[in-house]
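Structural features, examined
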Amino acid sequence: MPASPTTATTLRRSLLPLAASAVLLLTACTSPGGDAQSSAGGEPVEGGTLVYASGDAEPDCLDPHVGGNYPQALIAGQYLESLVSIDEDGEIIPWLASDWTSSEDGLSWDFTLQDDVRFSDGSPLTAADVKATVEHIQDPATGSSTGYLALGKVTGVEAVSDTVARFTLSAPDSALLESLSMPWLAIESAAGIARGIDENCLAPIGTGPFVVDEWVKQDRVSLVRNEEYNSPPADAAHSGPAHLEAIDWRFLPDSASRYAALQAGQVDVIDNAQPDTLAAAADAGTFTEIDAPRPGASNRLELNSGKAPFNDPFVREAFIRAVDVNDGIDALFFGTAERSYSALSSVEPLGYSDEALFDHDLDAAEALLDEAGWTETDADGYRVKNGERLSLAFPVSTNQSIPAEQSLFEQVQATAAEAGFEVTISPLDLSSWYGALFSNDYDVVSAPYTKVGPDVLRILYHSASITPAPSGYFANLAQLNDPELDALLSQASSSLDADERAALYAEAQERILGSFTVLPLYDQQNHFLLGKQVQGARAINTVSTPNFYDAWLSE
Amino acid sequence: MTPGSANRVLLRLAGAVFVLWAVATLTFFAMRLIPGDPALAILGGPGSQASPEALEQARREHGLDQPLLVQYAAMLGRLLSGDLGSSYALKVPVADLLAAQLPGTLLLAVCSLLVAWVIAIALALFSTGAGRIAASVGHGIELAGAALPHFWLATVLIAVFSTSLGWLPPVSSGDLSGLVLPVLTLAIPLAGFLAAIMRESMLDALAQPYVLSARARGESELGIRARHAIRHAAIPGVALSGWALGSLLSGAVIVETIFARPGLGRTLVQAVTVRDVPVVTGVVLVVALVYVLMTLASDAASAIVDPRQRAQASPQEVGA
């Protein structure tokens, strides 16, 4: 125990150095030789370790074929590559595939692979690897979700030659190229896949600019440069291996600590920067921000039209007119999120918007409720019909909604109450939240969905997505059941004519928004903050994941 | 060993086994009775949608299609044979996972306990017998310290020592400097608590006859407190240290998350989020086991520090 001071005065003074004695004690406690990373940079262009701090969940498996969620997509983009990519204008561009052609009936697609690309294990990229990849994703054992659904129309892949892979489809798929651009469908080595799920999860073998070196669970994934790399996408800024020597991919779940680490220079890049952090960072002016909204659906509230009270379109419209989200978005997101009036993300070229449908108008809302028969009001100010209160269940997934968004939902609750809606918000963990959805125990819900291209509308609003599978799973949470909409979405998904496709999707979106089952809020947020020393980093235009192939550290 | 003490040991062991069984059972049912299907959470991370086939597969693989009691019996059977099962999400044996995460958390907890003791002793020495003002200041510090929530304290420490002063890293990187803030976060509230208890019994001790006689021999006030009274004052603190270590393991849940330290706490958070029942059960069992072992150890330590307790506990041995 500590030395006893000799006088009362030194004792009093010794309170100050308490921290020092604590540090001394810690020295005794700490095992020597922790891996003190040298601070990144020094070289202006080549070399250095970039430290990336992710606030997303740590993946269970580094192979995005297995499961297939956003945290996997974030990191997989560093070591896996797709057949095609998407450029800034939303055009499909070559990546591992240099060329592709479709048969006239749209049921067969030939992809020609780039010459002389090698996987990080040294084996050449061939059509057999493409075949193995698709089979891997379609194998129920991998539990692939997003990737599996995206390949719904693909019946098989055949290696026509070493460099030509032929996809055969059960029906024409206008979303095929968009689907293949996603990290969940990235090409892996057949030999890597053959090692089995467990081993492949630890270090998938791809063609990317970096290679998984080590995965310390609950802490970090170490990525090192692929020295033989030669397959950048068509819109990359340079060729040959990456500038960075390594990436230290850390998992920092607390958003305040993540920003503190960036401020302290302990990390170079953070993701999931929260609205308050973005505002602070903008004030500080010492960081670069990449604002890369996710593609697919916008963040939106879906109204369950499959049961009362929202099976009545008047009540749905009344709700949408009653709630005021604009003020909430402005106040809670510090100007970092822009109001959306579309079911699709603002990065989707075919997104259709109609602001007039979503005007905040309390009088109109009340008139609509009167018309729908909710004419009485109880002592608490809520509307009543046939003795029943106008109550809405709103389960909120605390794993998926950031605090600002949860506060916004409270604003929705408060403004809906003015028209006489009682909204009961239940904050739930992910599994309980799924439970509430699958037991049809919700009236309002917010569920993120990321998929490249407007075909996401078919997944979310086609009536086929209402029928719960044996598991209870369904994606059409608005429970929209509109045969005409179904026809539009199916036609659009099969149409290989760009103009026709655009027209069909516009019409489909008009119907969706006009049904008042959807209240668009804003794009799915994807904000990255970078230290000023980080140059050349970008978000790739498929699902807006960061790409460090062109990046370098200037200090 | 006398028959009496053998009985006591057996009773203690039976108690420990009962505690572990109860903890495993409660955890199992608590995790299962919340609505929601673990298979969904396993496959359906944020933003992804699992196919029905994959869900069926996952259920079969983990025996989730069996009746609840069958699953419970299977879990108990596995536990009895020393098998903690395999993580739903990470697909590795739970024992391996815990073995990898335990050292980091134990290091954090033990260091925090030691630092808490240092602070508590200093506080107790400072605030007793040095006048009324010192006493009330000391008492105030103790109360405030004991009441500080970990997440708040962590945020303040990061803001002061990392963001403003730039002395210490806000997140752990495996070296010494990264350990300081997490340890202080856990140690400060505990120190307040320990110091409050120690000061009470220190005041008691200072009123004892042996202190009077020491004073009569001309020993300095500080010497008396540091040599005689502190020993007396430490007894309740030692007795509580077992409990304290357990509570530090619970505190690690927040601290490991904020400071991004690998460890049991973070493992638990992630496992609960995805409803990874075997991992949650495993972590909770380990924490319970540490509680049980530490309580036993601190009983023994108290007996060493305080001879009277030995005397009361086993009169036959003393008499023999």
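Residues numbered from 1 in each chain as written. Chains lettered and ligands numbered in written order. Predicted model: local features only at pLDDT ≥ 70, side-chain atom pairs only at ≥ 80, totals over all residues. Heavy atoms only, no water.

Turning next to the overall build of chain A. What chain A contains, in helices and strands, is 18 helices and 25 strands. Against the globule reference of 24 Å for 555 residues, chain A gives a C-alpha radius of gyration of 26 Å, in line with a compact fold. Counting every position in chain A, which comprises 555 residues, the buried fraction comes to 57%. Across chain A, contacts joining residues at least 24 apart in sequence account for 71% of those joining residues at least 6 apart. One finds the centroid of the 27 positive side-chain charges in chain A at a distance of 5 Å from the centroid of its 83 negative side-chain charges. (Helix = DSSP H or I, 4+ residues; strand = E, 2+ residues; numbered from the N terminus. Rg over C-alpha atoms; globule rule 2.2 N^0.38 Å. Buried < 20%, exposed > 50% of the residue type's maximum accessible area, 1.4 Å probe, protein only. Contact = heavy atoms within 4.5 Å. Lys, Arg positive; Asp, Glu negative; His and termini not counted. Charge placed at Lys NZ, Arg CZ, Asp CG, Glu CD.)

What follows covers the packing of aromatic side chains. All names here are of chain A. Counted by the stated rule, this structure contains 18 aromatic pairs over all chains. With 4.9 Å between their ring centres and 50 degrees between their planes, phenylalanine 394 and phenylalanine 409 make a pair best called tilted. Pair noted here: phenylalanine 394 is in strand S17 (residues 391-397) and phenylalanine 409 is in helix H14 (residues 403-418), with a separation of 15 residues, a long-range link. Taken individually, phenylalanine 394 and phenylalanine 409 each receive the classification buried, so the pair is uniform in this respect. Here a set of aromatic residues connected by ring pairs shows up, and it is made of Tyr52, Trp249 and Phe548. Sitting above the plane of the tryptophan 215 ring, lysine 217 keeps its charged end 4.6 Å from the centroid. The ring of tyrosine 70 has arginine 294 lying over it, and the distance from NZ or CZ to the ring centre is 3.3 Å. (Phe/Tyr/Trp six-rings, centres within 6.5 Å; stacked < 30°, edge-to-face > 60°. Lys NZ or Arg CZ within 6 Å of the ring centre and 35° of its normal.)

All names here are of chain B. The domain boundaries assigned to chain B delineate domain 1 (16-80) and domain 2 (94-319). Contact residues are listed per partner, giving 17 residues for domain 1 and eleven residues for domain 2. When residues of domain 1 are sorted by the area they lose upon contact with domain 2, Leu20, Thr27 and Met31 head the list and together hold 42% of the total. The tally of links between domain 1 and domain 2 comes to zero salt bridges. Our count for the domain 1 to domain 2 interface comes out at zero residue pairs in polar contact (both at pLDDT 80 or more). When residues of the side of domain 1 that touches domain 2 are assigned to their parent elements, the largest contribution, nine residues, is made by helix H1 (residues 3-33). Classifying every residue of the side of domain 1 that touches domain 2 gives 14 nonpolar, two polar and one charged. (Domains from an automatic or database assignment. Buried area = accessible area lost by both parts, 1.4 Å probe. Salt bridge = Lys/Arg side-chain N within 4 Å of Asp/Glu carboxyl O. Polar contact = N/O pair within 3.5 Å; in protein donor to acceptor, adjacent residues only side chain to side chain. Nonpolar A, V, L, I, M, F, W, Y, C, P; charged D, E, K, R; others polar.)

Turning our eyes to something else, we now look at the packing of helix H9 (residues 209-216) of chain B against helix H10 (residues 221-258) of chain B. Residue and element names in this part refer to chain B. It is at 10 Å that the axes of H9 and H10 come closest, and there the two elements cross at 155 degrees. It follows that H9 is roughly antiparallel to H10 by the angle criterion. For H9 against H10, the interelement crossing comes out right-handed. Judged by residue contacts, Tyr210, Val211, Ala214 and Arg215 of H9 engage Glu221, Ile224, His228 and His232 from H10. Looking at the contact of H9 with H10 residue by residue, the classes come out as four nonpolar, two polar and two charged. (Axes fitted to C-alpha atoms, helices over the stretch in contact; angles between N-to-C directions. Parallel < 35°, antiparallel > 145°, perpendicular 65-115°, else oblique. Left-handed = near helix turned anticlockwise from the far one by under 90°.)

The next subject is the UniProt feature "transmembrane region" (unreviewed entry) in chain B. Residues and elements named next belong to chain B. If you check UniProt for "transmembrane region" (unreviewed entry), the listed places come out as residues 9-31, 106-126, 147-167, 179-198, 233-259 and 279-305 in our numbering. Taken end to end, residues 147-167 comprises 76% helix and 0% strand; its first and last C-alpha atoms sit 26 Å apart. The distance separating the terminal C-alpha atoms of residues 233-259 is 34 Å; by composition the span is 96% helix and 0% strand. (UniProt positions renumbered as here; feature names shortened; annotations may be inferred.)

Attention now moves to the packing of helix H5 (residues 94-127) of chain B against helix H11 (residues 264-273) of chain B. Helix-helix packing is described using two parameters, namely the angle between the two axes and the distance between the axes. Residues and elements named next belong to chain B. Where H5 contacts H11, the two axes come as close as 7 Å, and the packing angle between them is 130 degrees. Between H5 and H11, the interaxial angle falls into the category oblique. Where H5 approaches H11, its residues Leu97, Leu98, Gln101, Leu102 and Thr105 are matched on the opposing element by Leu264, Gly265 and Thr267.

Moving on, we get to the side chain of threonine 450 of chain A. All names here are of chain A. Topologically, threonine 450 is positioned in the loop between strand S19 (444-445) and helix H16 (456-461). A relative accessible area of 3% places threonine 450 in the buried class. Within the structure, threonine 450 has its side chain in polar contact with the side chain of glutamine 524 (distance 3.3 Å).

Turning to helix H17 (residues 483-494) of chain A, a few remarks are in order. Under the 1.5 Å per step criterion, the end-to-end length of H17 of chain A is 17 Å for twelve residues, consistent within 8% with the ideal 16 Å. By the N-cap criterion, in which a side-chain oxygen at the helix start approaches the backbone nitrogen of a residue two or three places on, H17 of chain A is capped by aspartate 482 of chain A, the distance to glutamate 484 of chain A being 3.0 Å. (Expected span 1.5 Å × (residues − 1).)

Residue and element names in this part refer to chain A. Per the domain assignment, the segments of chain A are domain 1 (24-292 + 526-553) and domain 2 (299-522). In this structure, domain 1 and domain 2 have C-alpha centres spaced 32 Å apart. On the domain 2 side, the residues contacting the 26 residues of domain 1 number 22 residues. At the boundary of domain 1 with domain 2, total buried surface from both sides reaches about 1700 Å², with 64% on carbon and sulfur atoms. Between the two partners, domain 1 and domain 2, sit one salt bridge. Between arginine 501 and glutamate 178 there is a salt bridge whose closest N-O contact spans 3.0 Å. Taken together, the links from domain 1 to domain 2 amount to seven residue pairs in polar contact (both at pLDDT 80 or more). Elements with a minimum of two residues in the side of domain 1 that touches domain 2: helix H5 (146-150), helix H6 (176-180) and helix H10 (275-284). A total of four residues in the side of domain 1 that touches domain 2 trace back to one element, the largest contributor, which is H10.

Residues and elements named next belong to chain B. Within the element layout of this structure, threonine 25 appears in helix H1. Its relative accessible area of 14% is what places threonine 25 among the buried residues. A polar contact is formed between the side chain of threonine 25 and the backbone oxygen of tryptophan 21, at a distance of 2.8 Å.

Residue and element names in this part refer to chain A. Bridge count between strand S5 (residues 108-113) and strand S7 (residues 164-169): five bridges; the pairing is antiparallel. Residue pairing across strands places tryptophan 109 opposite phenylalanine 167, the latter belonging to S7. Where strand S6 (residues 154-159) meets S7, five bridges bridge the pair, whose relative direction is antiparallel. Looking at the pairing, valine 154 lines up with leucine 169 of S7. Where S6 folds back on S7, the antiparallel hairpin that results is connected by four residues. (Pairing = 2+ DSSP bridges.)

All names here are of chain A. Taken in spatial order, the four strands of this open sheet run S4-S5-S7-S6, and their pairing is antiparallel. The open sheet has two edge strands with one neighbour each: strand S4 (97-102) and S6. Each strand of the sheet is rotated relative to its neighbour by a mean of 20 degrees, with strand direction disregarded.

It is worth spelling out unusual backbone geometry at this point. Residue alanine 308 of chain A is joined to proline 309 of chain A through a cis peptide bond whose omega torsion reads 0 degrees. Along the polypeptide, proline 309 of chain A turns up in the loop between strand S13 (299-303) and helix H11 (313-322). If you check the backbone angles, asparagine 440 of chain A has positive phi at about 60 degrees while not being a glycine. Of note, asparagine 440 of chain A is situated in the loop between helix H15 (430-438) and S19. The residue alanine 260 of chain B is not glycine, and still its phi comes out positive at about 55 degrees. By secondary structure assignment, the location of alanine 260 of chain B is in the loop between H10 and H11.

Let us now look at the sheet that holds S19 of chain A. Residues and elements named next belong to chain A. Read from one edge to the other, the open sheet built from three strands follows the order S19-S13-S20, with strand pairing classed as antiparallel. Of all strands in the sheet, those bounded by a partner on one side alone are S19 and strand S20 (518-522). Looking at chain direction, S13 and S20 are connected through four bridges and run antiparallel. By the bridge assignment for S20, leucine 301 is matched with leucine 519. Lying over the sheet, H11 contacts S13, S19 and S20, oriented at roughly 145 degrees with respect to S13.

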